[in-house]
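So the chains spell out like this:
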Amino acid sequence: MRELLASGFGEVAEPASESETNAPQTAGISAGRVVGPVATMAVTNKPPAQGEKVPEAQRQGELQRALDSLEQTAEQLNQQAKTADPTAKDILQATAQLVCDGAVRSRVSQLINDSGATAEQAVWDAFSEVVIRFDSAGGKLAERACDVRDIRARVVARLEGRELAGIPTSDKPFILVARDLAPADAAQIDPKTCLGLVLGECGPTSHTAILARALGIPAVMNSGYAELHDGQRVLIDGSTGDLVVEPTDEQAEGARTAPETSASVDFSGPGATADGIPITLAANIGWPQDVPVALANNAEGSGLFRTEFCFLNRSDAPGVSEQEAQYAQVLRGFEDKKVVIRTLDAGSDKPLPFVTIPGEENPALGVRGYRTSWRSPQILEDQLRAIANAAAQTGNSPWVMAPMIATVEEADEFAKLARSYGLKTVGVMVETPAAALCADELFEVVDFVSIGTNDLTQYTMAADRHSGELAHLGTPWQPAVLKLIAMIGKAGSRTGKSVGVCGEAASDPLLAGVLVGLGVTSLSMAPQAIGRVGTALAKYSLESCRKAAQLALATSAPDAAKAAAEIALQA
Ligand code: PEP
Ligand code: MG
């Protein structure tokens, strides 16, 4: 477990072994170093007061009150989504759908009609049952439990005619401290005043983490968050997970005290190192609506179009023409820029009812990604046909790649199939250690690879990518992960083929330098991260990137790898 850097926070008690057990867990969630005063988020999640049993004659009216409140809450979230940042918009819309969940409405109706519960109590109990189910399921669903708790608080507050306390407001920059942020609160974060985030419970891929990275707000997860209080000065480092209370000037040196402004990110592309070696900087997208956001952030195209996002709420398979329309919109939007379309990556934390089978014992190691095509070959064929049609329709010829490849045979099989549809540039994602270890052989059958560092890290370190508790293992700075990336980079250089990174690692400006030094030729990330990564890369020479990579590879821990890279890249 990482040690918490603390002065006056989480005081260390003797004996030493006990202090280790009691030390708060801490992890970096979103890169960047900032120092500022704490503002804590008020706790609003309190159960309603026990009411009298509702007489039978009034139960219909009571049910209507509950249903109205659910609908109004969903409507408020949908309204908020209209003006939100694109990442927040998707999260808010998904939350609004949870509010209207049919099973919850039936349970509320049952509790009121059969047991005479008040609307407040019925709503509280129905959502609490969902919270318990999500919490006990663990992983991604456990992260959604926070959203359900927030919905519960919102609907009950509306029924009681109360306002919920949201994000603290201040005209001075502050570091927000909370257990976790519900989507509706996270969407309210103003990057002009919110300098950083300290979260008590937050997995590296939770919605708050994704949003923080998209907005460029440094964030750490620290289980000792509740000990912080308003006005205290703290230093956080979102790369290392360090948190220092009342830091000395020396400790705080170089940390930002004001939010990043567009003036501090002066980047208009294209991506290149200080000595002019081009490194394509592209955007990860999930829907056609993301294209204008990508372009506004100077993306040189998309290095990862997660097509499964277009169909997450579908129970039936989308037809060829429906898919073609979506892909054509993306290809047209990017005009002649490069677009890498990934075929459906269904399964594990992204189940698609029309292709995945529920109830798999261990879905992260199950039939996911490319493997689903063994069960449903027609779905992959339809998708390839739709991509080929969209290419013909728009004149923009996409690159296409398959997710979750573990063997060279799979890569070969996919490449042959994709080429049979006239798709010219075919690749695979490297997300498994098996694929990384066979990088040389992979390049014999495909035109390019793209490294999915989120899954590659999870499978290399055997640490669930959604686990906050294992975040210290689940970082791409782990030397074992860097060694695998080095193997892929070398194989790419030998063949002159493109090696991309499209996992979260690409959005860390320091790690980006190391990746380039390891042989990576393109980086694809959340659009909002492009400016920071581009600005950083423009300061590094290829030689310093190579030096950073060499030094990082020679370390035995993520912190040491970062420190080594910092020295090489800031020299
Ligand atoms: C990855 O695994 O790094 C990746 C980009 O794929 P996803 O995050 O969609 O699993
Ligand atoms: Mg992946």
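Located above this text is the structure these notes cover.
Residues numbered from 1 in each chain as written. Chains lettered and ligands numbered in written order. Predicted model: local features only at pLDDT ≥ 70, side-chain atom pairs only at ≥ 80, totals over all residues. Heavy atoms only, no water.

Engineer: When you look at the packing of helix α13 (residues 377-394) against helix α14 (residues 408-420) in this model, what are you seeing that I'm missing?
Structural biologist: Describing two packed helices takes the angle between their axes plus the distance from one axis to the other. Where α13 contacts α14, the axes come no closer than 9 Å and their chain directions differ by 45°. On the basis of the axis angle, α13 is oblique to α14. In this structure, the crossing between α13 and α14 has a hand that is right-handed. Judged by residue contacts, L380, E381 and L384 of α13 engage F414, L417 and A418 from α14. Counted by class, the contact of α13 with α14 contains five nonpolar, no polar and one charged residues. (Axes fitted to C-alpha atoms, helices over the stretch in contact; angles between N-to-C directions. Helix = DSSP H or I, 4+ residues; strand = E, 2+ residues; numbered from the N terminus. Parallel < 35°, antiparallel > 145°, perpendicular 65-115°, else oblique. Left-handed = near helix turned anticlockwise from the far one by under 90°. Contact = heavy atoms within 4.5 Å. Nonpolar A, V, L, I, M, F, W, Y, C, P; charged D, E, K, R; others polar.)

Engineer: I'm lost on the pattern of salt bridges in this one. Help?
Structural biologist: A side chain with one charge can pair with a side chain of the opposite charge if their charged atoms come near. Enumeration over the complete set of coordinates arrives at 13 salt bridges. The salt bridge partner of K416 is D412, with a shortest N-O separation of 2.8 Å. Of the two residues, K416 and D412 are both situated in helix α14; the distance of four residues between them amounts to about one turn of the helix. Put simply, E308, R342, D345, R368, D455 and R465 are held in one network by salt bridges that share partners. (Salt bridge = Lys/Arg side-chain N within 4 Å of Asp/Glu carboxyl O.)

Engineer: Where do I start with the site of ligand 1 in this structure?
Structural biologist: Near ligand 1 lie 14 residues; those nearest to it are R306, R342, G452, N454 and R465. Taking G452, its main chain carries an N or O atom lying 3.4 Å from an oxygen atom of ligand 1. Between an oxygen atom of ligand 1 and a main-chain N or O atom of D455, the distance comes to 3.0 Å. Considering only residue class, the shell around ligand 1 consists of three nonpolar, four polar and seven charged. (Near = heavy atom within 4 Å. Polar contact = N/O pair within 3.5 Å; in protein donor to acceptor, adjacent residues only side chain to side chain.)

Engineer: Sorry, what's going on with unusual backbone geometry here?
Structural biologist: G269 connects to P270 through a cis peptide bond whose omega is -10°. The phi angle at E335 is positive, at roughly 50°, despite the residue not being glycine. Mapped onto the elements, E335 comes out in the loop between α11 (320-333) and β10 (338-342). The phi dihedral of A462 is positive, around 50°, even though this residue is not glycine. Its location among the elements puts A462 in the loop between α17 (453-461) and α18 (479-495).

Engineer: Hey, could you run me through the coordination of the magnesium ion (ligand 2) in this one?
Structural biologist: Coordination angles at a metal have ideal targets, namely 109.5 degrees for four tetrahedral donors and 90 or 180 degrees for six octahedral donors. Taken together, E431 (OE) and D455 (OD) make up the full set of protein donors to the magnesium ion (ligand 2), lying 2.0 to 2.1 Å away. Remark: D455 occurs in helix α17 and E431 occurs in the loop between β12 (425-430) and α15 (433-437); sequence separation between them is 24 residues. Both residues of the pair, E431 and D455, count as buried. (Donors = N, O, S within 2.8 Å, 3.2 Å for Na, K, Ca; no water. Buried < 20%, exposed > 50% of the residue type's maximum accessible area, 1.4 Å probe, protein only.)

Engineer: Looking at this structure, how should I read the environment of A186?
Structural biologist: Its location among the elements puts A186 in helix α7 (residues 183-186). If sequence neighbours within four positions are ignored, A186 has contacts with L181 and L211.

These figures come from the coordinates and say nothing about function on their own.
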